Amino acid sequence: MKKILSLTFILVVLLACSVKPKYELEVNITNNSSLIDAKMVLTQKTEGEVVYADTVKIKKGNFRLDIPYENSALLFVTIPNTAITNVMIVAEEGKVFLNIDKEKVSIGGTPLNDRLQVFYNGNDSVSQLFKQLEEKYVKLGEEGLSTPETGIQYSEARSLLLKENTDRIIAFTKENIDNQLGEYFYVSNYFMSPLERRLEMNLFITDRIKKQLGFE
């Protein structure tokens, strides 16, 4: 009897160790019936390495997926031949929402995904500001009002927007340096940044990021 109990206990322990925690991804598709029967490709990465991958056929506008949870992982969602390309989601225990509208994709449901969506909203605002700036000076040219001075003004205004956007990205990276978001944005932007911005980023680099960048 004792042997049977011991074997049962060992089996329970082994099963517990083999079952990884999961998070729930709820997908909501609205105003976009063309995505029905399309394939959704899921790729989860940790430090750039793929740790989970799957392809799901979209059968209805609302469905849920249980995805293995990997610490410090990011999930990338793509629907081939559509505008849904590499939508990044934080792999985080709990229920994560992916909302796909005809014109916009949004995420949320867990703390880091809510935080990432706020950052995405900021991206949209910056894109709108660049668009408005471009339209303003194109209109001046069409009306024959463009001068060397307006060209300088346009260049200065665009440079200021670029600086402010870079400030925003670096601030977001620093605020999240202790989680997978900060690591992702640090590694993605470091080598593309000017020297002075890299020196600024060096002030809050972590040992994990040094390893990923090959600094150790």
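That block above? That's the structure.
These remarks concern the structure in this document. (Residues numbered from 1 in each chain as written. Predicted model: local features only at pLDDT ≥ 70, side-chain atom pairs only at ≥ 80, totals over all residues. Heavy atoms only, no water.)

**What about helix 4 (residues 180-189)?**
Gln180, Leu181, Gly182, Glu183, Phe185 and Tyr186 are the residues of helix 4 that are buried. In this structure, the buried side of helix 4 is in contact with strand 5 (73-78), strand 6 (87-90), helix 2 (111-142), helix 3 (148-175), helix 5 (195-202) and helix 6 (207-213). The backbone nitrogen of leucine 181 lies 2.8 Å from a side-chain oxygen of the residue at the head of helix 4, namely asparagine 179. (Buried < 20%, exposed > 50% of the residue type's maximum accessible area, 1.4 Å probe, protein only. Helix = DSSP H or I, 4+ residues; strand = E, 2+ residues; numbered from the N terminus. Contact = heavy atoms within 4.5 Å. Polar contact = N/O pair within 3.5 Å; in protein donor to acceptor, adjacent residues only side chain to side chain.)

**Describing the sheet that holds strand 8 (residues 105-108)**
Within the open sheet, the four strands sit side by side as 4-1-7-8. Their pairing is mixed. Each of the sheet's edge strands pairs with one partner strand only, and the pair in question is strand 4 (62-68) and strand 8. Each adjacent strand pair in this sheet contributes to an overall mean axis angle of 20 degrees, direction not counted. For strand 1 (residues 22-29) and strand 4, the ladder comprises seven bridges, and the chain directions are antiparallel. By the bridge assignment, leucine 25 is partnered in strand 4 with leucine 65. (Pairing = 2+ DSSP bridges. Axes fitted to C-alpha atoms, helices over the stretch in contact; angles between N-to-C directions.)

**Let's talk about the sheet that holds strand 6**
Within the open sheet, the four strands sit side by side as 3-2-5-6. Their pairing is antiparallel. The sheet is open, and its two borders are formed by strand 3 (49-57) and strand 6, each paired with just one other strand. Shown here is a sheet whose adjacent strand axes are inclined to one another by a mean of 20 degrees, direction ignored. As judged from the eight bridges shared by strand 2 (residues 39-46) and strand 3, these two strands associate in the antiparallel manner. Paired with threonine 46 across the two strands is glutamate 49, which belongs to strand 3.

**A look at the layout of surface pockets**
One number sums up the size of the largest pocket: a volume of about 320 Å³. Surrounding the largest pocket, 19 residues form its lining, Ala83, Ile84, Glu103, Lys104 and Val105 being those nearest its centre. Elements supplying a minimum of two residues to the lining of the largest pocket: strand 8 and helix 2. Its residues assigned to classes, the lining of the largest pocket shows eight nonpolar, six polar and five charged. If you add up the space inside the second largest pocket, you get close to 230 Å³. Lining the second largest pocket we find 13 residues, and of these Glu47, Gly48, Leu74, Tyr184 and Gln212 sit closest to its centre. (1 Å grid on protein atoms, 1.4 Å probe; cavity = no way out; pocket = protein on both sides within 12 Å on 5 of 7 lines; lining within 4 Å. Points joined across faces, edges and corners; volume = space filled by probe spheres on them. Nonpolar A, V, L, I, M, F, W, Y, C, P; charged D, E, K, R; others polar.)

**Quick notes on the packing of aromatic side chains**
Under the criterion given, the structure shown has 11 aromatic pairs. Their ring planes at 90 degrees and their centres at 5.4 Å tell us that tyrosine 184 and phenylalanine 185 sit as a pair that is edge-to-face. When the ring of phenylalanine 191 is compared with that of phenylalanine 215, the centres are 6.2 Å apart and the planes differ by 85 degrees; the resulting orientation is edge-to-face. Of the two residues, phenylalanine 191 is situated in the loop between helix 4 and helix 5 and phenylalanine 215 in the segment after helix 6; the sequence distance between them amounts to 24 residues. Residue classification places phenylalanine 191 among the exposed residues on the basis of a relative accessible area of 52%. Judged by relative accessible area, phenylalanine 215 falls into the partly exposed class, the value being 40%. One aromatic cluster is present, formed by Phe76, Phe119, Phe172, Tyr184 and Phe185 through successive ring pairs. (Phe/Tyr/Trp six-rings, centres within 6.5 Å; stacked < 30°, edge-to-face > 60°.)

**Here's the deal with the nonpolar core**
Grouped together as the largest cluster of nonpolar side chains are 38 residues, with contacts concentrated most on Leu25, Met40, Leu98, Ile100, Leu116 and Leu181. In terms of residues, this core owes the most to one element, strand 5, which gives five residues. Filtering out sequence-adjacent residues up to four positions away, isoleucine 100 remains in contact with Val27, Asn28, Ile29, Thr30, Leu35, Met40, Ile79, Ile84 and Val105. Listed in part, the nine residues of the second largest apolar core include Tyr186, Tyr190, Ile209 and Leu213. (Core = buried A, V, L, I, M, F, W, Y, C linked by side-chain atoms within 4.5 Å.)

**Things to note about the side chain of glutamine 117**
If you trace the backbone, glutamine 117 turns up in helix 2. Assessed through its relative accessible area of 10%, glutamine 117 is described here as buried.

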